[in-house]
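If you want the building blocks of each chain, they are given just below.
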There are 2 protein chains.
Amino acid sequence: MNTMIRVPEAELEAGILAALRAAGAEEGCAAAATRAMMHASRCGVDSHGARLTAHYAAMLRSGRVNPVPRFDIRRTGDATALLHADHGLGHAAAYSGMELACELARQCGIGAVGIVGSSHYGAAGAYALAGAEAGFIALCTTNSDAVVAPHDGRARFHGTNPIAAAAPVPNQKPWLLDMATSSIPLNRVHLYRTLGLALADGVAADGSGEPTTDPNATEMLIPLGGTGYGFKGAGLAGLVTLLSAVLVGGSLDSRCIPMTGTDDIATPRNIGHFCLAIDPVRFVGREAYDALITQYLADLRGAPARPGKMILAPGDREWAVEAERRRDGIPIDPETAAFLKLRKPHVSDL
Amino acid sequence: MNTMIRVPEAELEAGILAALRAAGAEEGCAAAATRAMMHASRCGVDSHGARLTAHYAAMLRSGRVNPVPRFDIRRTGDATALLHADHGLGHAAAYSGMELACELARQCGIGAVGIVGSSHYGAAGAYALAGAEAGFIALCTTNSDAVVAPHDGRARFHGTNPIAAAAPVPNQKPWLLDMATSSIPLNRVHLYRTLGLALADGVAADGSGEPTTDPNATEMLIPLGGTGYGFKGAGLAGLVTLLSAVLVGGSLDSRCIPMTGTDDIATPRNIGHFCLAIDPVRFVGREAYDALITQYLADLRGAPARPGKMILAPGDREWAVEAERRRDGIPIDPETAAFLKLRKPHVSDL
């Protein structure tokens, strides 16, 4: 494997921000994308962390992503809004959208913001987390270009279409679920090719849609649930497309320009997102909510585990990684370190 | 296998309604439960159809379910409400909750209604469907008593906690997803015991949490995603618990009186539900929404399938079954037919 280097959080953050500024990104957009990538890098979601900086910088320069977008925000109802992201970095649009959804929820009990004319926004969990940190049960979804077959299909149709949800927990880090609706991300296929490892059963398929464990033969992913129950993962992927693209007017997954592996890096992709915030105060009330979520999580974490296993609540793994990386630095691959011009003296071998 | 009998729709409906009335159910509750069970029976969701009438009738008589509830509906925000179901039949509460969520969405763009003090409500899809038929993208969830292990767990913790979602489609039946967050329902285990069949891999576990395909050894279900990716199904089950119980003040799954197999049939279970309605008019607009959902479904149904397979959109199987059963009658098991006093002359062997 490549040698990873450990980089202190503050230095990585400065490196990402500088690279996005250098690519022309307006200050708010650069800050939002940095914040989202830092969330992913800190929590161990490395596929959506610092390593994407080079991609975003290239897209800012090539014309696909507008470095100086002007968001058009229309309040369409007491509790709803539509945000046109002017083809800027999706991170800024999604943080703005979630912030507005929270404000609408503060006013009305629930708020939803649809985002259209956007681009790749990294880890969906970053925005759900922002909603939970503001005190709301928050959901955020995005569609993406097609890499997952429909159930029983033999061609790419849906994106990995994540569902992210987060909920505030008193005196603890939020409950945080951030899951693709495929079993694995396409990145894992590429990694396993490099490593010469076989994939798990029922997560990937060859060019004719037949399940394969060979990463070199893999042409598409199989939805969560595998060959037997993939209709559920495909249904959830469709729900994400409905909320993130159909509802807001974004590109359908199967008609969306691919994120990578295409010559077209100048045309905006019109990705859509959906942000939802729910105020517990308007339901059971804050005090009862706090008691119930605390009880639920204590029950879950205390549930009996199989030998050698631990029961983790969604987010528990991420928060443990975050604590470790805040202490020891964030592991960064050499290419990304070089792109971000990270200084050698602060770096040690992993 | 038992001999099923085919019963005309109208006759089955009358039989269910009469049985609920005879058990003391107030007219609105009896009508709502009948409507929900007829949806399930027509669409082939037989586990949640007419066969549950005898269970509901017993619970109405035993004190667990209040036959004459008075709903307490509090408008808690411009776009939110909380409905206390007074321990009546969950069906009536959920139809009322979804109807109110749609009214709130009509006013505010989105509406959410939490339901507490409720009971088993049958197929979650019935209520999402009602929302879609009113023109909204609708979601409905319910928690239930624990039968599914956490990921890596060795005891029941979550209910099968369904996620139901539906969306209107112009000139077509709605897109309709109604999925448990386990791979299979517990009913299937019981059925496979009777049939002497082995279960699929990774859907069920024995008393120590070890995966088993033996229905006789099965003590709990494994979340959607199986032993490898069950953290996703478990996370979704948790999201359902958060929305349906924690947010509204319902019983946590693991602390909820079991639906069956308990001596306690006199204590209300305090099940919770969550209803959400989103108005496409307040996002991309009706015309563009109609065009996009039509395009999406045409693309999905037209996507290339594996040999001998068909690509179905969520709901397609259900609508095909419905058409067939409207024509040929609804297959009913002999015990249910006897309980409902269905008349012989209208019945033919399956």
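For the structure, see preceding data.
Residues numbered from 1 in each chain as written. Chains lettered and ligands numbered in written order. Predicted model: local features only at pLDDT ≥ 70, side-chain atom pairs only at ≥ 80, totals over all residues. Heavy atoms only, no water.

### A few points about unusual backbone geometry
Trans peptide bonds make up most of the peptide bonds, and negative phi angles are found at most residues other than glycine.
Residues and elements named next belong to chain A.
Reasoning step 1: Within the chain, D86 stands out as a residue other than glycine whose phi angle is a positive 55°.
Reasoning step 2: Within the secondary structure layout, D86 lies in the loop between β3 (80–84) and α4 (90–108).
Reasoning step 3: A positive phi angle is found at N161, which is not glycine, with a value near 20°.
Reasoning step 4: Mapping N161 onto the fold places it in the loop between β5 (137–142) and β6 (163–167).
Reasoning step 5: Exposure remark for N161: the relative accessible area of 0% places this residue in the buried category. (Helix = DSSP H or I, 4+ residues; strand = E, 2+ residues; numbered from the N terminus. Buried < 20%, exposed > 50% of the residue type's maximum accessible area, 1.4 Å probe, protein only.)

### Side note on helix α8 (residues 286–301) of chain B
Reasoning step 1: A rise of 1.5 Å per residue sets the reference length of α8(B), with its 16 residues, at 22 Å; its end C-alpha atoms lie 22 Å apart and thus fit the reference within 8%.
Reasoning step 2: All of the buried residues along α8(B) are B:Y289, B:L292, B:I293, B:Y296, B:L297, B:D299 and B:L300. Buried residues along α8(B) cover an arc of 160° about the axis, so they all sit on one side.
Reasoning step 3: If you follow the buried residues of α8(B), they end up packed against α7 (226–246) of chain A together with β5 (137–142), β6 (163–167) and β7 (175–179) of chain B. (Expected span 1.5 Å × (residues − 1). Arc of directions from axis to C-beta. Contact = heavy atoms within 4.5 Å.)

### Looking at the environment of A:A33
Residue and element names in this part refer to chain A.
Reasoning step 1: Among the structural elements, A33 can be located in helix α2 (residues 27–43).
Reasoning step 2: Looking at A33, the relative accessible area reads 0%, which means it is buried.
Reasoning step 3: If sequence neighbours within four positions are ignored, A33 has contacts with L20, L89 and H91.

### Structural notes on the pairing of β5(B)
All names here are of chain B.
Reasoning step 1: Within β5, 6 of the 6 residues are buried, which leaves it mostly tucked inside the rest of the structure.
Reasoning step 2: Across the two faces of β5 the burial is the same, with I137, L139 and T141 and A138, C140 and T142 all buried.
Reasoning step 3: One ladder, built from 6 bridges, connects β5 with strand β10 (residues 271–278); its direction is antiparallel. Opposite T141, over in β10, you have F274 as the bridge partner.
Reasoning step 4: The sheet contact formed by β5 and β6 spans 4 bridges and is antiparallel. Residue pairing in the sheet places L139 in a bridge with A165 of β6. (Pairing = 2+ DSSP bridges.)

### Thoughts on the pattern of salt bridges
Reasoning step 1: This structure, assessed with the given rule, holds 32 salt bridges over all chains.
Reasoning step 2: B:E324 is paired through a salt bridge with B:R6; the nearest N and O atoms lie 3.0 Å apart. With a gap of 318 residues between them, B:E324 in helix α9 (residues 316–328) and B:R6 in strand β1 (residues 5–7) connect regions that are remote in the sequence.
Reasoning step 3: Between B:D328 and B:R327 there is a salt bridge whose closest N-O contact spans 3.0 Å.
Reasoning step 4: We classify B:D328 as partly exposed; its relative accessible area is 38%.
Reasoning step 5: A relative accessible area of 63% means that B:R327 is categorised as exposed.
Reasoning step 6: Taken together, the salt bridges that share partners define one network made up of A:E9, A:R42, A:K173, A:E322 and A:R326. (Salt bridge = Lys/Arg side-chain N within 4 Å of Asp/Glu carboxyl O.)

### Focus: the environment of B:C102
Residue and element names in this part refer to chain B.
Reasoning step 1: With respect to the element layout, C102 can be found in helix α4 (residues 90–108).
Reasoning step 2: The spatial distance from the C-alpha of C102 to the C-alpha of T181 is 25 Å, given a sequence separation of 79 residues.
Reasoning step 3: Those residues in contact with C102 that sit more than four places away from it in its chain are G131, A134, F136 and A277.

### Thoughts on the sheet that holds β5(A)
Residues and elements named next belong to chain A.
Reasoning step 1: Reading across from one edge, β2-β3-β4-β10-β5-β6-β7 is the order of the 7 strands in this open sheet, with mixed pairing throughout. At either margin of the open sheet sits one strand with a lone partner, and together these are β2 (72–77) and β7 (175–179). Neighbour-to-neighbour, the strand axes of the sheet open up by a mean angle of 10°, direction not taken into account.
Reasoning step 2: Bridge analysis of strand β4 (residues 110–118) against strand β10 (residues 271–278) gives 7 bridges, and the strand direction is antiparallel. (Axes fitted to C-alpha atoms, helices over the stretch in contact; angles between N-to-C directions.)

### Thoughts on the packing of α2(A) against helix α9 (residues 316–328) of chain A
Between two packed helices, what matters for the description is the angle formed by their axes and the separation of those axes.
Residue and element names in this part refer to chain A.
Reasoning step 1: Contact pair α2 / α9: the axes reach a minimum separation of 7 Å and the direction vectors enclose 95°. As judged from the angle between their axes, α2 and α9 are roughly perpendicular. Residues S41, R42 and C43 of α2 form the contact with α9, whose own contacting residues are E318, W319, V321, E322, R325 and R326. (Parallel < 35°, antiparallel > 145°, perpendicular 65-115°, else oblique.)

### Section: the packing of helix α1 (residues 9–22) of chain B against helix α3 (residues 53–62) of chain B
All names here are of chain B.
Reasoning step 1: Where α1 meets α3, the closest approach of the two axes is 9 Å, and the angle between their N-to-C directions is 15°. By the angle between their directions, the pair α1 and α3 is classed as roughly parallel. Remark: the crossing between α1 and α3 carries right-handed chirality. Each of I16, A19, L20 and A22 in α1 lies in contact with α3, whose residues at this interface are T53, Y56, A57, L60 and R61.
Reasoning step 2: Here the residues of the contact of α1 with α3 sort into 7 nonpolar, 1 polar and 1 charged. (Left-handed = near helix turned anticlockwise from the far one by under 90°. Nonpolar A, V, L, I, M, F, W, Y, C, P; charged D, E, K, R; others polar.)

### Let's talk about the interface of chain A and chain B
Reasoning step 1: Contact with chain A, which involves 85 residues of that partner, is made by 83 residues of chain B.
Reasoning step 2: Here chain A and chain B share an interface that buries about 6,600 Å² over both sides, 72% of which is from carbon and sulfur atoms.
Reasoning step 3: Where chain A meets chain B, there are 4 salt bridges.
Reasoning step 4: The interface formed by chain A and chain B holds 28 residue pairs in polar contact (both at pLDDT 80 or more) in total. (Buried area = accessible area lost by both parts, 1.4 Å probe. Polar contact = N/O pair within 3.5 Å; in protein donor to acceptor, adjacent residues only side chain to side chain.)

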